[in-house]
Amino acid sequence: MSTDATTPGTETNPTDAAEISDQSLAARGEQRAQRPDSSAFRDFVMSGWGPRTGPAPERAEVADHAQARRDALSASFPGARLVVPAGPLKVRSNDTDYRFRPHSAFAHLTGLGTDQEPDAVLVLHPSADGGHDAVLYFRPASGRDTDEFFSSSRYGEFWVGPRPTLEDLAVILGIETQHLDALEDAISKDVGAGTELLVVAEADEHVTALVEAVRAAAGVEEADDACLAEAASELRLVKDAWEVEQMRAAVAASVAGFEEVVRALPRAVAHERGERVVEAVFDGNARIEGNAVGYDTIAAAGDHATTLHWIRNDGKVREGELILVDAGVEVDSLYTADVTRTLPVSGTFTDVQRKVHEAVREAADAAFQVAVPGNVFSDVHAAAMKVIARKVAEWGLLPEGVTAEVALSPEGQHHRRWMVHGTSHHLGLDVHDCAQARRDMYVGGKIEPGMIFTIEPGLYFKSDDMLVPAEYRGIGVRIEDDVLVTVDGNENLTAALPRTADEVEAWMAKLA
């Protein structure tokens with residue numbers, strides 16, 4: 001950072017050594033602070049401020065959609081009080097925090113995105129009519145007549161900018177708002193006397209501890225918090241119209257990022273750590289066009305492409321080799337794309353590179369054919385694996401006597417040596433969205449219109465794999481698209497990026 005927690009223009013106040021030794025470890029981070037505390041300073045810094053300026057708050061487009069989501073969750077938990085925290089800021093190093101990102105269940109149910117409202121908590125209070133009343137508890141903007149305004153490097157307006165008022169968020173989200181200080185009393189009401197209290201436990205350990213303390217004080221020994229996280233996750237399996245538009249925006253920004261990557265390949269080749277050039281180009285585009293990347297960019301050249309989650313990105317990018325780029329832009333609403341293309345660095349595939357690439361593309365095409373309403377989600381993977389097994393069998397890579405059919409049997413699976421991951425995962429607020437859903441709702445669930453998921457088969461031949469001919473070694477290929485299920489089939493949201501080897505070469509030549 002360019003500044004520390006020191007107010008410019010002040011002098012260091014000597015601190016007694018004994019006083020320092022008595023400080024807790026947590027408090028010692030403030031030892032270096034040189035903030036003034038004179039009454040003259042306090043009076044002066046708190047005076048002379050005009051009214052805060054800016055446009056009047058307006059109801060957000062997402063507000064109605066968020067209300068519908070809350071209503072759907074409410075219907076599953078009649079009579080229960082549901083606590084959904086945004087989560088706290090997380091320390092990156094000493095007194096610097098990571099950029100805040102709210103828990104996905106909180107973002108989905110409120111519509112808040114980017115770095116808004118650390119520590120906030122959404123509570124759905126049971127109502128007399130059997131539904132729920134939603135209240136958002138958060139820390140509103142501090143007055144300029146408070147110490148927080150100028151002294152808190154974590155929350156103060158001088159340090160991190162203004163926060164909305166209770167009234168602002170009530171208008172924007174169409175939801176009742178209250179100060180975070182009221183949370184404990186609010187969630188304690190009637191617990192142990194007929195009101196079940198549930199929390200999305202992994203979102204904020206401090207809020208979870210508070211909930212557990214309230215339950216303990218009320219004599220409640222057990223609560224099934226997992227069912228709330230599960231329901232909130234399954235609620236995202238089918239996207240509403242607003243979510244689909246956010247995904248389209250994320251994909252469009254990602255497509256632009258891939259185009260910039262192609263243009264930067266000569267610079268990557270010239271650099272000792274060319275993979276970092278690729279990463280930096282895509283990540284920079286993500287910050288300019290969206291909120292950030294949705295996950296750590298994979299820029300894997302040569303044999304690195306055979307490591308599925310290669311994020312070190314410190315290798316060379318060489319002419320004649322392939323580079324596998326797995327990257328996605330997260331837009332301000334926190335919805336993210338997830339796209340992979342495997343590119344010939346020189347602009348042209350070799351014969352064996354083309355052979356492997358097109359085998360993977362055929363597997364993806366087969367998966368697209370079954371990614372339609374009425375089929376089961378696991379059918380998508382099975383369709384891709386039939387092609388992969390057939391290809392490696394045709395190439396003579398399976399053990400002697402093992403056919404593609406034998407390999408595809410549950411007792412076989414030999415072909416999976418070269419593709420150990422699954423073909424698809426749901427996509428949305430999380431790059432692996434809906435992860436807490438039940439297996440029979442996810443892998444075994446029926447494909448429905450409005451679902452968005454990836455199709456991403458691959459083949460990975462490591463440089464030291466002695467069970468494949470030398471010409472395959474060091475080649476890793478993955479093609480990943482984002483798919484929207486429609487009433488009568490599916491739409492490839494990432495179709496603007498080329499998929500066949502011929503299309504990739506023509507596209508790269510055009511961008512060169």
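Structure's up top.
Conventions we followed
- Residues numbered from 1 in each chain as written.
- Predicted model: local features only at pLDDT ≥ 70, side-chain atom pairs only at ≥ 80, totals over all residues.
- Heavy atoms only, no water.
- Phe/Tyr/Trp six-rings, centres within 6.5 Å; stacked < 30°, edge-to-face > 60°.
- Buried < 20%, exposed > 50% of the residue type's maximum accessible area, 1.4 Å probe, protein only.
- Lys NZ or Arg CZ within 6 Å of the ring centre and 35° of its normal.
- Salt bridge = Lys/Arg side-chain N within 4 Å of Asp/Glu carboxyl O.
- Helix = DSSP H or I, 4+ residues; strand = E, 2+ residues; numbered from the N terminus.
- Axes fitted to C-alpha atoms, helices over the stretch in contact; angles between N-to-C directions.
- Parallel < 35°, antiparallel > 145°, perpendicular 65-115°, else oblique.
- Left-handed = near helix turned anticlockwise from the far one by under 90°.
- Contact = heavy atoms within 4.5 Å.
- Nonpolar A, V, L, I, M, F, W, Y, C, P; charged D, E, K, R; others polar.
- Polar contact = N/O pair within 3.5 Å; in protein donor to acceptor, adjacent residues only side chain to side chain.
- Core = buried A, V, L, I, M, F, W, Y, C linked by side-chain atoms within 4.5 Å.
- Pairing = 2+ DSSP bridges.

Q: How do you make sense of the packing of aromatic side chains when you look at a structure like this?
A: By convention here, two paired aromatic rings are described through the distance between centres and the angle between planes. Counted by the stated rule, this structure contains eleven aromatic pairs. Summarising the aromatic geometry, the rings of Phe149 and Phe158 are spaced 5.2 Å apart at their centres and angled 40° between planes, so their arrangement reads as tilted. Using a relative accessible area of 3% as the deciding quantity, one classes Phe149 as buried. When its relative accessible area of 48% is taken as the criterion, Phe158 is described as partly exposed. By the ring-pair criterion, three or more aromatic residues cluster together here, those being Trp395, Trp418, Phe461 and Tyr472. Sitting over the face of the ring of Tyr155, Arg139 holds its NZ or CZ atom 4.1 Å from the ring centroid.

Q: Whenever I open this one, the pattern of salt bridges confuses me. Can you help?
A: Pairing between side chains of opposite charge can happen when the charged atoms of each approach one another. Within the structure shown, the criterion is met by 32 salt bridges. When the shortest N-O distance is used, the salt bridge between Lys391 and Glu362 registers 3.4 Å. Of this pair, Lys391 sits in helix α14 (residues 377-394) while Glu362 is found in helix α13 (residues 351-370), placing the two residues 29 residues apart along the sequence. When the shortest N-O distance is used, the salt bridge between Glu394 and Arg390 registers 3.5 Å.

Q: Hey, could you run me through the packing of α13 against α14 in this one?
A: If you want to describe how two helices pack, look at the angle between their axes and the distance between the axes. Between α13 and α14, the least distance of the axes is 8 Å, while the angle of their chain directions is 150°. Judged on the interaxial angle alone, α14 and α13 are roughly antiparallel. Viewed along their axes, α13 and α14 form a crossing whose handedness is right-handed. Seen from α13, the contacting residues are Ala359, Glu362, Ala363, Ala366, Ala367 and Val370; seen from α14, they are Asp379, Val380, Ala383, Ala384, Val387, Ile388, Arg390 and Lys391. Taken together, the residues of the contact of α13 with α14 break down into ten nonpolar, no polar and four charged.

Q: Before we go on, may I ask you to explain the side chain of Glu358 in this structure?
A: Within the secondary structure layout, Glu358 lies in helix α13. Using a relative accessible area of 16% as the deciding quantity, one classes Glu358 as buried. Here the side chain of Glu358 touches Ala501 through a polar contact of 2.9 Å, landing on its backbone nitrogen. Among all residues touching Glu358, those that are not within four sequence positions of it are Arg499, Thr500 and Ala501.

Q: Before we go on, may I ask you to explain the environment of Arg92 in this structure?
A: Mapped onto the elements of the fold, Arg92 is located in strand β2 (residues 91-93). When the C-alpha positions of Arg92 and Gly161 are compared, they lie 20 Å apart, and in sequence the two are 69 residues distant.

Q: Help me understand the nonpolar core in this model?
A: Among soluble globular proteins, nonpolar side chains are generally buried collectively. Formed by 95 residues in total, the largest nonpolar core has its most connected members in Ile323, Trp395, Phe453, Ile455, Leu459 and Phe461. With 13 residues, the single largest contributor to this core is helix α11 (residues 241-270). Those residues within four positions of Ile323 in sequence are excluded, and the remaining contacts are Leu265, Val278, Ala299, Ala300, Ala301, Val317, Arg341, Thr342, Leu343 and Val345.

Q: What should I look at first to understand the sheet that holds strand β9 (residues 298-301) in this one?
A: Strands pair in a sheet through their backbones, by hydrogen bonds, and they do so in one of two ways: parallel or antiparallel. Read across the open sheet, the three strands follow the order β9-β10-β12; overall the sheet is antiparallel. Bordering the open sheet on either side are β9 and β12 (339-344), each of which pairs with just one other strand. Here the average twist between neighbouring strands, direction ignored, is 10°.

Q: When you look at the side chain of Asn313 in this model, what are you seeing that I'm missing?
A: Looking at the element boundaries, Asn313 is found in the loop between β9 and β10 (322-327). Judged by its relative accessible area of 0%, Asn313 is buried. Excluding residues within four positions of it along the chain, Asn313 makes contact with Glu275, Arg276, Glu279, Thr297, Ile298 and Ala299.

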